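Listed below, chain by chain, are the residues.
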Amino acid sequence: MKLEKLRQEWKTDGDWKKAQEFWNLRAAEFAGKERDSGRVRSTLAYLEEKGVVCAGATVLDVGCGPGAYALEFARCGASVVGTDISGNMLRHAKERAEQEGVLGKTDFVQAIWETVDLQAQGWQGAFDLTFASMCPGISSVDALLALCRASRKACFLTTFARRRDIVREQLGRQFFGDSYQAPWGKTLSYTVATLFAAGYYPEVTYQQENWQWEMSLDDAVRTYAPFFKDVCPSEEELAARLRASLLALARAGSVEERSESLIARVYWRVDEK
């Protein structure tokens, strides 16, 4: 498939304000998660084996959140720029960098990746590795190709190849019927198609990961609302419907979600095109 055809199919709605509000609200939740997760360790080992994360390397972490990966890269001796749409996420990242003694190896910049000017930021071809882990900002052909333009050696991203969220699926069937399918997997399909169309040859590997977590009723409503925004035009009405449905599933005021996921790791070189 040609790039122009892919551009017509894979694009974002561009509602940056809502995206920023959503991730600002979830920043404390993400910052409170276990830092030394198995996914972070396995990803770091993979990239060290590829020779792109090491002392003296330069890394751009797109959608860095509270800094889980950025801080690991810095501890390996890399110089890291982390960027995120959420100021709250970046505040947590800076605090953690200072606490862990790597503030001098990191720089955190608030930016909307889909609209960032690489030349103006000084990021065009400036990094040994451009990195994006589960980043919602990789939401179009041009957002993906911007990763390539910012790199002089290699790029890496992770996204879901398959994912089942038990509560979210229950909500989806309630609102849309038994034919409801969660949107996971689209980013992977478009990523691989775009890279091939642009002349790159990505390596794709997979990792199984399952987890569960609890949310307050209010947090659950905020978490699920973006996935069901087409249910009704009124945000207040959607929140009320979600709250009623989640209340029936809650235990002691909390909603427990369970996720079964197959995560795709996509790695490609821009210096071997």
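Residues numbered from 1 in each chain as written. Predicted model: local features only at pLDDT ≥ 70, side-chain atom pairs only at ≥ 80, totals over all residues. Heavy atoms only, no water.

The next thing to look at is the side chain of S139. Looking at where S139 falls in the secondary structure, it is placed in the loop between β4 (127–133) and α7 (141–150). Residues contacting S139, with those up to four places away along its chain left out, are W10, K11, T12 and E114. (Helix = DSSP H or I, 4+ residues; strand = E, 2+ residues; numbered from the N terminus. Contact = heavy atoms within 4.5 Å.)

This brings us to helix α8 (residues 166–176). For α8, the full list of buried residues reads I166, V167, R168, E169, L171, G172 and F175. The inward-facing, buried residues of α8 abut β5 (151–165), α10 (217–224), α11 (235–249) and β7 (254–269). (Buried < 20%, exposed > 50% of the residue type's maximum accessible area, 1.4 Å probe, protein only.)

As for its placement among the helices and strands, C64 is situated in the loop between β1 (58–62) and α4 (68–75). Sequence separation between C64 and V81 is 17 residues; the distance between their C-alpha atoms is 9.0 Å. With residues up to four places along the chain from it excluded, the contact list for C64 reads G82, T83, D84, L90 and F108.

Contact pair α10 / α11: the axes reach a minimum separation of 9 Å and the direction vectors enclose 125 degrees. The angle between α10 and α11 falls in the class oblique. As α10 packs across α11, the resulting crossing turns out to be right-handed. For the pair α10 and α11, contact is made by L217, D218, A220, V221 and Y224 and by A239, L242, R243, L246 and L247, respectively. (Axes fitted to C-alpha atoms, helices over the stretch in contact; angles between N-to-C directions. Parallel < 35°, antiparallel > 145°, perpendicular 65-115°, else oblique. Left-handed = near helix turned anticlockwise from the far one by under 90°.)

This part covers the layout of surface pockets. The computed volume of the second largest pocket comes to approximately 230 Å³. Taken together, I166, V167, Q170, E214, L249, R251, S254, V255, E256, E257 and R258 make up the full set of residues lining the second largest pocket. Going through the elements one at a time, α8 and β7 are the ones with two or more residues in the lining of the second largest pocket. For the lining of the second largest pocket, the leading source of residues is β7, giving five residues. Split by residue class, the lining of the second largest pocket holds four nonpolar, two polar and five charged. (1 Å grid on protein atoms, 1.4 Å probe; cavity = no way out; pocket = protein on both sides within 12 Å on 5 of 7 lines; lining within 4 Å. Points joined across faces, edges and corners; volume = space filled by probe spheres on them. Nonpolar A, V, L, I, M, F, W, Y, C, P; charged D, E, K, R; others polar.)

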